[in-house]
Amino acid sequence: MFRKIIVSAIKVAGWITLGIVALLLLVIALVQVPAIQRKLVSTAVTFVEKKIGTPVSLGAIHIALPKKIVLHDLYLQDESRDTLLWANEIGVDTDLFALLDHEVMLNRVTLSGIRAGIGTSDSGRFNFQYIIDAFADTTIVADTTKQAWAISLGEIVIEDTKLRYHDLAGGNTLDLYTGNLRVSIDTFDLENKRISIDELQIENINTSFIQTTLPLQNSTPADNTNNTTPYDIDVRTVNLKKISAHYEQQALRQMLRLDLGQLELRANKIDVINRNIDLEKLSLDDTFVYFQHAQSSTTPDTATTQASTDNLWRINLQALSLDNNSFQYHNFSKPFAQDGIDFNHLWIRDFALAAKQIAFAGNSFGADINNISFQEKSGFGLRAVYG
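Residues numbered from 1 in each chain as written. Predicted model: local features only at pLDDT ≥ 70, side-chain atom pairs only at ≥ 80, totals over all residues. Heavy atoms only, no water.

### What to know about the overall build of the protein chain
Helix and strand counts for the protein chain come out as three helices and 16 strands. Out of the 387 residues in the protein chain, the part that is buried amounts to 26%. For the protein chain, long-range pairs separated by at least 24 residues make up 60% of all intrachain contacts whose partners lie at least 6 apart in sequence. As displayed, the protein chain offers around 25000 Å² of accessible surface, 58% of which is attributable to carbon and sulfur atoms. (Helix = DSSP H or I, 4+ residues; strand = E, 2+ residues; numbered from the N terminus. Buried < 20%, exposed > 50% of the residue type's maximum accessible area, 1.4 Å probe, protein only. Contact = heavy atoms within 4.5 Å. Areas by Shrake-Rupley, 256 points an atom, 1.4 Å probe, with all protein chains shown as cover.)

The following block contains the structure:
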């Protein structure tokens, strides 16, 4: 009798399991049907519009369970009827089944054709704050007994993206265009504050940052008693190409411009916590840097700080290569010199440098320089020096 009950129970459990699997397979099949996906889009858009009170549209959603979710032509409008977000494509390669184990697994995140406009009002309120307020639930009390969520991140790809940030209260304006950005991540451990990036590739960047007011001065003394552990961030390889950046501080009459041709960095170890950097190679080619400033009637107060001799930075670089770089500097509060090198109005062109075994620690510096050459606008130049 007991054996018969056990067999029956096993059969019932088997049928239930089979039913759940069949239902899950049916759901996976149904979400592939275009009509079902259009219904999901309509339901999601209606829900969000009612929740935030501003227009929302979504062209299409493609779901390939359990791995991939892609949103096409997502549009959000802010309360002033300006474009808050337009996204040609937002794609996430994930594992939805991992959610059952309290894990958010993001194998690949793709952002393509993004147009975002972020700003603040005169009162300092962000134009997306109403969305946060709409979804905020102040009645929920955090349950500290539940299992914490683990987040893993593998790769981030950003293509053809424009970001506009206008801060009316602070007098800051940022415009950023990203042609191509790829980040390959080995370790993404937020709990232990450990992030390891295998490769960072950035190409075709154009950015402008303008400040119209003086920087805010912090009158509160620095609190050195904060024992919060910083993030341990490590980067192995960095490749930058075709980057143009413009910075302007109008109140201080300062301007900085960067036109970067190509930069390559290979690191053995970057230990920011212990201030220890060990680099295998650093090269910078076809780059122009321009900086100018002029005497300002209003300058911010500055405090002189004494650098601690404890835990000084230690930097080792095995090979450094600079080729075809230029640097221009102007201090327009000083007149132009008629003869010789004018250190207030420098223009160095065709700067090249090759060096090995560069070591920097505190106040000590050493390097094996193979050659160096440049030309200054005054006519002074150094063609080649071999070590």
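### Considerations on the side chain of Thr207
Position of Thr207 relative to the elements: it lies in strand β8 (residues 194-211). Once residues lying within four places of it in the same chain are set aside, the contact partners of Thr207 are Leu174, Asp175, Leu176, Ser244, Ala245 and His246.

### Considerations on the nonpolar core
Of all hydrophobic cores here, the largest spans 27 residues; its most connected members are Ile202, Val238, Leu240 and Leu279. Among the elements of the structure, β7 (172-189), β8, β9 (232-249), β10 (254-271), β11 (276-285), β13 (314-331) and β14 (345-361) are those that each provide at least two residues to this core. The contact partners of Leu240, leaving out residues within four places of it in the chain, are Ile202, Leu260, Gly261, Gln262 and Leu263. Judged by nonpolar contacts, the second largest core, of 17 residues, contains Val41, Leu74, Ala87 and Ile131. (Core = buried A, V, L, I, M, F, W, Y, C linked by side-chain atoms within 4.5 Å.)

### Brief notes about the packing of aromatic side chains
One pass over the full model with this rule turns up six aromatic pairs. When the centroid spacing of 6.1 Å and the interplanar angle of 15 degrees are considered together, the rings of Phe291 and Tyr329 count as stacked. One end of the pair, Phe291, is in strand β12 (residues 288-293); the other, Tyr329, is in strand β13, and 38 residues separate them in sequence. The interplanar angle of 55 degrees and the centroid separation of 6.0 Å between the aromatic rings of Phe374 and Phe380 together place this pair among those described as tilted. Through a chain of ring-to-ring contacts, the aromatic side chains of Phe351, Phe374 and Phe380 assemble into a single cluster. The aromatic ring of Phe135 is capped on one face by Lys51, whose charged end is 5.9 Å from the ring centroid. (Phe/Tyr/Trp six-rings, centres within 6.5 Å; stacked < 30°, edge-to-face > 60°. Lys NZ or Arg CZ within 6 Å of the ring centre and 35° of its normal.)

### Topic: a nonpolar patch on the surface
Together, Ile151, Leu190, Tyr231 and Ile233 give the surface a local cluster of nonpolar side chains, amounting to about 310 Å² of exposed area. Looking at where Ile151 falls in the secondary structure, it is placed in strand β5 (residues 150-153). For Ile151, a relative accessible area of 36% corresponds to the partly exposed category. (Patch = residues over 30% accessible without salt bridge, like charges linked within 9 Å, V, L, I, M, F, W, Y side chains within 5 Å. Salt bridge = Lys/Arg side-chain N within 4 Å of Asp/Glu carboxyl O.)

### Describing the pattern of salt bridges
Scanning all chains against the criterion turns up nine salt bridges. As a salt-bridge pair, Glu159 and Arg182 come within 3.3 Å of each other at their nearest N and O atoms. Of the two residues, Glu159 is situated in strand β6 (residues 155-167) and Arg182 in strand β7; the sequence distance between them amounts to 23 residues. You can call Arg182 partly exposed: its relative accessible area is 25%. A salt bridge links Asp232 to Arg194; the nearest nitrogen and oxygen atoms lie 3.2 Å apart. Of this pair, Asp232 sits in strand β9 while Arg194 sits in strand β8, and the two are 38 residues apart along the sequence. Residues joined in a network through salt bridges with shared partners are Glu264, Arg266 and Lys281.

### Quick word on the side chain of Glu264
Note that Glu264 resides in strand β10. At 2.9 Å, the side chain of Glu264 forms a polar contact with the side chain of Arg266. At 3.4 Å, the side chain of Glu264 forms a polar contact with the side chain of Lys281. Once residues within four sequence positions are removed from consideration, Glu264 is found in contact with Val238, Asn239, Lys281, Leu282 and Ser283. (Polar contact = N/O pair within 3.5 Å; in protein donor to acceptor, adjacent residues only side chain to side chain.)

### Structural notes on unusual backbone geometry
Phi at Lys242 takes a positive value of approximately 50 degrees, unusual for a residue other than glycine. One can find Lys242 in strand β9. A residue is classified by how much of its surface remains accessible, and Lys242, at 57% relative accessible area, is exposed.

### Let's talk about the environment of Ile210
By secondary structure assignment, the location of Ile210 is in strand β8. Separated by 35 residues in sequence, Ile210 and Asp175 have C-alpha atoms that sit 9.0 Å apart. Sequence-distant contacts of Ile210, defined by excluding residues within four places in its chain, comprise Gly171, Asn172, Thr173, Glu248 and Gln250.

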